[in-house]
Amino acid sequence: MPVGSEILTTAQMRATESAAMSSGRVTGAELMERAGRAVAGHIRLRWPRPGRAVVLCGPGNNGGDGYVIAQHLHRAGWQLRVLGLANQPGPDAAQMRQRWQEIGPILPLDAATFAGVQDCDLVIDAIFGTGLTRAPTGPIAALLAALTDPSLPPVVAVDCPSGLCLDSGGWPGRDRGTATGARARLTVAFDRPKPGHVLESGAFRCGELVIADIGLGDWHHIASNAPQTLLLHPAIPTPWLPAPQGPAFSLLAKPADGHKFLSGHALILAGGPARGGAARLSARAALRVGAGLVTLAPPVDALAEHAGPPDALMRQPVEDASDLADMLADSRITALCLGPGCGIERAAGLLPSALACGRPCVLDADALTALSQRPKAERFRDLHDKVILTPHMGEFARLFPDLANRLVAADNTGPLFSRLDAARQAASRARAVLLLKGPDTVIATPDGSALIHTVTDLPWLATAGAGDVLAGLIAGLLARSLPPLQAAGLAVQLHALAARRFGPGLTADDLPDQIPAILRDLLEGASGVFERGGRKKTGIDEMQVKELHARIEELAVANSFLERKLKPWGGK
Ligand SMILES: NC(=O)C1=CN([C@@H]2O[C@H](COP(=O)(O)OP(=O)(O)OC[C@H]3O[C@@H](n4cnc5c(N)ncnc54)[C@H](OP(=O)(O)O)[C@@H]3O)[C@@H](O)[C@H]2O)[C@@H](O)CC1
Ligand SMILES: Nc1ncnc2c1ncn2[C@@H]1O[C@H](COP(=O)(O)OP(=O)(O)O)[C@@H](O)[C@H]1O
Ligand SMILES: [K+]
């Protein structure tokens, strides 16, 4: 498996936290203190001048974090309005609430009170985090609705925008696909990202996502029994990309004394007359990503239309399954791509030979539709674990209608069924690698290992033919003998980097030509490969937060005179 930033479900997070607390080496209150301090630190790094903040504290430990944040911001000179509930939270949150009450009042946590204090610089949303188990109702639902108002001051979310299901990125009690909760400017989450931070609308509603270390590293083995999910995400400071010292780098680099067959031979099957563009896009991508040879294989009557560039591309007609089987007698063909522009009937005819050879094979577009038209009981009979299925949601729904239905069904109780769950179950059912496309791409293997790659800044990538290029990148990397999960993960990243580098106006034709410069940067270990042509990373790291905390104690004395002036905001 590649190294990367691990994702934990909320259940895994709870198990990790309880193992830490049961060890006796850390208490729940200490973890809460660290969590609240981290959020306050990240706020102060981004809003260095103390201003006026409203802190919305919910009924559980997320609310407990809110009271800790209020204390730290108060000591740093911020003026605060704290809204909370008079419930009986757990002992840690109760302790933190008590500490705040020694500093200032707690106003009712409802929409009417919130409406009266919105004239502020920052809203801190500490209503619900990982403990949201059901659809919010009553006054809290009204307050959460008020938080969606785009004219509000910036919102900082504690662990997540409240109401979000952190296992799925959906919103319990609301329509999947259309629901939108509060949109945070910044979300500070703890220990590890959760699926809901990067799936569905969660990725868009979190804003800048920061994962704060609260010292749970010694207990991560608790979650290691479950299949691992890794995050490939440029907003997280530990993305999986082939750094010079990383495992994927050695796979991308070519041996100086090698020959073309050492880099493999990708066979891209093309469709009939006037349908060749899609397969040519795949073939160009496979060439650019370094397959030693790439052959495009249309039927004879379409061969002439592939006469133009690129000249590096070989052409050979493949009429039917038996032609394909003959061609595959050449063991130097190391990967196949079937589907883009192929035509459903032709894809259905070629599928048995493409699968019977047992070689790495991308099944995309028409090949997926052809699979979905097989009788249900036999649909996946000849698939194997070197096959990568690359459906978008429409194709996924044709292949796995029951899973797709569960993904769109509204549900009042969490955790909601997620795209990660759906991809895992589909991969296990098909006994193949499953890559579910979208702004949030999920890749899962039959044994449950998974990768998630989310982009929120590349709307231009949703363009005709972009999927064909992705299929070609995967096929090229498979041909170069990358294992299927790594080939798929790396291809998705290169695809997004190419789109980011080109920017607005992108068409699928532009993508393959961006690959050489990206490869050069990666192979030379150039820093900033994520930023070029895209958004800058924040550059704020945990060290800065720790340094800031070291200074907060000093600032507390200097700021104490402010306490007397905190009227009508702030403390007693
Ligand atoms: N554990 C730790 O050590 C650490 C945890 N940390 C923090 O704790 C957060 C998790 O805390 P949590 O488990 O208390 O859950 P939380 O998100 O506050 O919500 C639960 C409360 O909401 C209630 N509730 C749920 N749904 C509801 C609804 N629809 N409508 C109304 N109420 C609803 C639910 O009530 P119940 O279901 O029990 O009736 C319960 O009272 C986590 O995100 C992180 O911020 C950090 O401090 C690091 C250390
Ligand atoms: N909103 C979006 N932002 C970024 N990438 C997207 C978005 N929507 C789709 N994509 C990506 O664009 C590509 C589209 O592929 P696909 O739907 O197969 O298109 P086509 O069949 O036209 O090639 C996929 O790689 C998908 O992950
Ligand atoms: K929250």
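Residues numbered from 1 in each chain as written. Chains lettered and ligands numbered in written order. Predicted model: local features only at pLDDT ≥ 70, side-chain atom pairs only at ≥ 80, totals over all residues.

Moving on, we get to the overall build of the protein chain. Of the regular secondary structure elements, the protein chain holds 21 helices and 18 strands. Looking at the 572 residues of the protein chain, the share that counts as buried comes to 51%. When contacts within the protein chain are restricted to residue pairs at least 6 apart in sequence, those whose partners lie at least 24 apart make up 76%. (Helix = DSSP H or I, 4+ residues; strand = E, 2+ residues; numbered from the N terminus. Buried ≥ 20, exposed ≤ 12 C-beta atoms within 10 Å, placed from the backbone. Contact = placed C-beta atoms within 7 Å.)

Around ligand 2, the surrounding shell holds 18 residues, and the nearest of these are Lys437, Pro439, Leu461, Ala462 and Gly467. In terms of residue count, the dominant contributor to the shell around ligand 2 is helix α17 (residues 466-479) (four residues). Here the shell around ligand 2 is composed, by residue class, of 10 nonpolar, six polar and two charged. (Near = placed C-beta within 6 Å. Nonpolar A, V, L, I, M, F, W, Y, C, P; charged D, E, K, R; others polar.)

For helix α10 (residues 277-288), built from 12 residues, the straight-helix expectation of 16 Å at 1.5 Å per residue is met to within 8% by its first-to-last C-alpha distance of 16 Å. Most of α10 sits out of view: 11 of its 12 residues are buried. If you follow the buried residues of α10, they end up packed against β10 (265-269), β11 (293-297), β13 (335-338), α13 (365-372), α17 and α19 (510-523). Backbone geometry just after α10 places Gly290 at a positive phi near 105 degrees. (Expected span 1.5 Å × (residues − 1).)

Moving on, we come to the nonpolar core. In terms of nonpolar packing, the biggest core is built from 168 residues, with Ile268, Leu269, Leu338, Ile474 and Ala475 touching the most fellow members. A per-element tally of this core places helix α18 (residues 484-502) first, with 11 residues. When residues are assigned to domains, this core turns out to be shared by domain 1 (27-227) and domain 2 (247-253 + 261-523), each giving three or more. The residues contacting Leu269, other than those within four sequence positions of it, are Ala279, Ala297, Val318, Leu336, Cys337, Leu338, Cys342 and Leu350. (Core = buried A, V, L, I, M, F, W, Y, C linked by C-beta atoms within 7 Å. Domains from an automatic or database assignment.)

Under the UniProt annotation, "binding site: K(+)" (unreviewed entry) lies at Asn62, Asp125 and Ser162. For the residues just named, distributed over 101 residues, the greatest C-alpha separation is only 9.4 Å, placing them together at one site. In this structure Asn62 touches Ala126, Ile127, Phe128, Gly129, Gly131, Val158 and Asp159, once residues within four positions along its chain are discounted. Positionally, Ser162 belongs in the loop between β6 (155-158) and β7 (186-190). Each residue touching Ser162, except ones within four places of it in the same chain, is listed here: Gly58, Asp125, Ile127, Phe128, Leu144 and Ala182. (UniProt positions renumbered as here; feature names shortened; annotations may be inferred.)

Quick look at the sheet that holds β11 now. In any sheet, the strands associate via hydrogen bonds between backbone groups, in a parallel or an antiparallel arrangement. Within the open sheet, the 11 strands sit side by side as β1-β9-β18-β17-β16-β15-β14-β13-β10-β11-β12. Their pairing is mixed. Only two strands of the sheet have a single neighbouring strand rather than two, namely β1 (5-7) and β12 (314-315). Relative to the sheet, helix α12 (residues 344-356) contacts β10, β13, β14 (361-363) and β15 (387-389), its axis offset from that of β13 by approximately 165 degrees. (Pairing = 2+ DSSP bridges. Axes fitted to C-alpha atoms, helices over the stretch in contact; angles between N-to-C directions.)

This brings us to the packing of helix α2 (residues 28-46) against helix α4 (residues 91-101). Contact geometry of α2 with α4 gives a least axis separation of 9 Å together with a crossing angle of 55 degrees. With respect to their mutual orientation, α2 and α4 come out oblique. Seen from above, α2 lies across α4 with right-handed handedness. Touching Gly28, Ala29 and Met32 of α2 are Asp92, Gln95 and Met96, all from α4. Of the residues that constitute the contact of α2 with α4, the class distribution is three nonpolar, two polar and one charged. (Parallel < 35°, antiparallel > 145°, perpendicular 65-115°, else oblique. Left-handed = near helix turned anticlockwise from the far one by under 90°.)

With that out of the way, let us pick up the packing of α10 against α19. Direction vectors running N to C along α10 and α19 enclose 0 degrees, while the axes themselves pass 9 Å from each other. Between α10 and α19, the angle falls in the class roughly parallel. The residues of α19 that touch α10, namely those facing Arg284, Ala285 and Arg288, are Leu511, Pro512, Ile515 and Pro516. For the contact of α10 with α19, the per-class residue count stands at five nonpolar, no polar and two charged.

On the basis of which strands lie adjacent, the open sheet formed by seven strands has the order β4-β3-β2-β5-β6-β7-β8 and parallel pairing. Looking at the sheet topology across the chains shown, the edges are occupied by β4 (107-108) and β8 (208-212). With three bridges connecting them, β6 and β7 associate as parallel partners. Within β7, the residue paired with Ala157 across the bridge is Thr187.

Moving on to the domain arrangement of the protein chain. Along its sequence, the protein chain is carved into domain 1 (27-227) and domain 2 (247-253 + 261-523). Put simply, the middle of domain 1 and the middle of domain 2, counted by C-alpha atoms, are 40 Å apart. Of all the elements in the fold, those that place two or more residues in the side of domain 1 that touches domain 2 are α7 (195-198) and α8 (202-205). Of the residues assigned to the side of domain 1 that touches domain 2, the class counts are 10 nonpolar, six polar and six charged.

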